[in-house]
Amino acid sequence: MNITVSEEIYLRPVEMDDARPVFELIHRFRDSLRTWLPFVDYTKKWEDTRDFISSVIHRHPDEKEDIYAIVIREEIAGLIGFRSTDRPNRRTEIGYWIAPPFEGKGTVSSCCRAIIDYCFRVRDLNRITIRVSVGNDRSSNIPKRLGFTLEGIEREGEFLNDAYADLEVYSLLKREWIKKE
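Computed from a predicted model, the values in this text were never measured in an experiment. (Residues numbered from 1 in each chain as written. Predicted model: local features only at pLDDT ≥ 70, side-chain atom pairs only at ≥ 80, totals over all residues. Heavy atoms only, no water.)

## Remarks on the overall build of the chain
Right, on to step 1. The secondary structure content of the chain amounts to six helices and eight strands.
Right, on to step 2. Along the chain, from the amino end to the carboxyl end, the secondary structure elements read β-β-α-α-α-β-β-β-α-β-α-β-β-α.
Right, on to step 3. Along the three orthogonal principal directions, the C-alpha set of the chain runs to about 45 × 35 × 35 Å.
Right, on to step 4. A fraction of 61% describes how many contacts in the chain between residues 6 or more apart in sequence connect residues 24 or more apart.
Right, on to step 5. Put simply, the chain shows about 10,000 Å² of open surface, and 46% of that area lies on carbon and sulfur atoms.
Right, on to step 6. With 29 positive and 32 negative side-chain charges, the chain shows a spacing of 3 Å between the two charge centroids. (Helix = DSSP H or I, 4+ residues; strand = E, 2+ residues; numbered from the N terminus. Contact = heavy atoms within 4.5 Å. Areas by Shrake-Rupley, 256 points an atom, 1.4 Å probe, with all protein chains shown as cover. Lys, Arg positive; Asp, Glu negative; His and termini not counted. Charge placed at Lys NZ, Arg CZ, Asp CG, Glu CD.)

Spelled out as structure tokens, the structure:
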């Protein structure tokens, strides 16, 4: 199911045909993306992206995590999706990245807004978390802008560029989102 963000932007579930274009996007902007994204250093060839997408598509339905291509004017600009979904407790974490040419236009905030609404209204989840490396101000502004609460710092929560990085942990509850609307 596609999620409409705006006239020019939509989210659609990743598919196997996305492996090359997504890899090429990562590869083209590798130096910039690797600053905040640990997976970039492990994505060395297009088959790595193919294997990731395959693992997403072929998971058991009870373990499936929705990952979407961010599509702007029919061009893939990045990915957004869920991870660590805990269905019995109705909570998930959102992760996202976008290539540098598409940054700074509010695209990721708009995509997050659309996927948050989908989570709360369609999937009936109760809690969403976003984790952001300390110092990644551009990314941490997104949960702040969307009304998330900073819960604290997860110390050394991610191995990034050969060192452990602390993560800001933000959360949003369904009742807070619905109340705001």
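There's plenty left to go through after this.
## Regarding the sheet that holds strand E5 (residues 91–98)
Right, on to step 1. Here we have eight strands laid out as an open sheet, ordered E1-E2-E3-E4-E5-E6-E8-E7, and mixed in their pairing. For this open sheet the edge positions go to strand E1 (3–4) and strand E7 (149–160), each flanked by a neighbour on one side alone.
Right, on to step 2. Each of strand E4 (75–86) and E5 touches helix H1 (residues 19–28); the most contacted strand, E4, lies at about 100 degrees to it. (Pairing = 2+ DSSP bridges. Axes fitted to C-alpha atoms, helices over the stretch in contact; angles between N-to-C directions.)

## Describing the environment of Arg113
Right, on to step 1. Within the secondary structure, Arg113 sits in helix H4 (residues 107–121).
Right, on to step 2. Taking C-alpha positions, Arg113 is 14 Å from Glu93, a pair spaced 20 residues apart along the chain.
Right, on to step 3. If we skip the residues at most four places from it in the chain, Arg113 touches Leu146 and Trp177.

## Remarks on the environment of Ile67
Right, on to step 1. Counting through the fold element by element, Ile67 comes out in strand E3 (residues 67–72).
Right, on to step 2. Overall, Ile67 belongs to the buried group, its relative accessible area being 14%.
Right, on to step 3. What Ile67 contacts, discounting residues up to four positions off in sequence, is Arg12, Pro13, Val14, Phe52, Val56, Leu79, Ile80, Gly81 and Phe82. (Buried < 20%, exposed > 50% of the residue type's maximum accessible area, 1.4 Å probe, protein only.)

## Structural notes on the pattern of salt bridges
Right, on to step 1. Within the structure shown, the criterion is met by 16 salt bridges.
Right, on to step 2. Between Asp41 and Arg34 there is a salt bridge; the shortest N-O distance is 2.8 Å.
Right, on to step 3. Residue Asp41 is classed as partly exposed on the basis of its relative accessible area of 27%.
Right, on to step 4. Overall, the relative accessible area of 27% leaves Arg34 in the partly exposed class.
Right, on to step 5. The partner of Glu154 in a salt bridge is Arg131, and the shortest N-O contact between them spans 2.6 Å. (Salt bridge = Lys/Arg side-chain N within 4 Å of Asp/Glu carboxyl O.)

## Here we look at the nonpolar core
Right, on to step 1. With 52 residues, the main nonpolar core has Leu11, Ile80, Ile94, Tyr96 and Ile116 as its most contacted residues.
Right, on to step 2. The greatest single-element share of this core, amounting to nine residues, is contributed by H4. (Core = buried A, V, L, I, M, F, W, Y, C linked by side-chain atoms within 4.5 Å.)

## As for the packing of H1 against helix H3 (residues 46–57)
Right, on to step 1. Running from amino to carboxyl end, H1 crosses H3 at an angle of 125 degrees, the nearest separation of the two axes being 8 Å. Judged by the angle between their axes, H1 and H3 are oblique. For the crossing formed where H1 meets H3, the hand is right-handed. Residue-level inspection shows Ala19, Arg20, Val22, Phe23 and Ile26 of H1 in contact with H3, the latter providing Trp46, Thr49, Arg50 and Ile53.
Right, on to step 2. In terms of residue class, the contact of H1 with H3 is made up of six nonpolar, one polar and two charged. (Parallel < 35°, antiparallel > 145°, perpendicular 65-115°, else oblique. Left-handed = near helix turned anticlockwise from the far one by under 90°. Nonpolar A, V, L, I, M, F, W, Y, C, P; charged D, E, K, R; others polar.)

## Observations concerning the packing of aromatic side chains
Right, on to step 1. In the structure shown here, the tally under the stated rule is two aromatic pairs.
Right, on to step 2. With 6.1 Å between their ring centres and 50 degrees between their planes, Phe39 and Trp97 make a pair best called tilted. Linking Phe39 in the loop between helix H2 (30–33) and H3 with Trp97 in strand E5, this pair joins segments that are 58 residues apart in sequence.
Right, on to step 3. By relative accessible area, Phe39 is classed as partly exposed at 31%.
Right, on to step 4. The class for Trp97 is buried, based on a relative accessible area of 8%.
Right, on to step 5. One residue, Arg20, lies across the ring of Trp46, its end atom 4.0 Å from the ring centre.
Right, on to step 6. Its guanidinium or amino end placed over the ring of Phe82, Arg123 lies 4.6 Å from that ring's centre, counting from NZ or CZ. (Phe/Tyr/Trp six-rings, centres within 6.5 Å; stacked < 30°, edge-to-face > 60°. Lys NZ or Arg CZ within 6 Å of the ring centre and 35° of its normal.)

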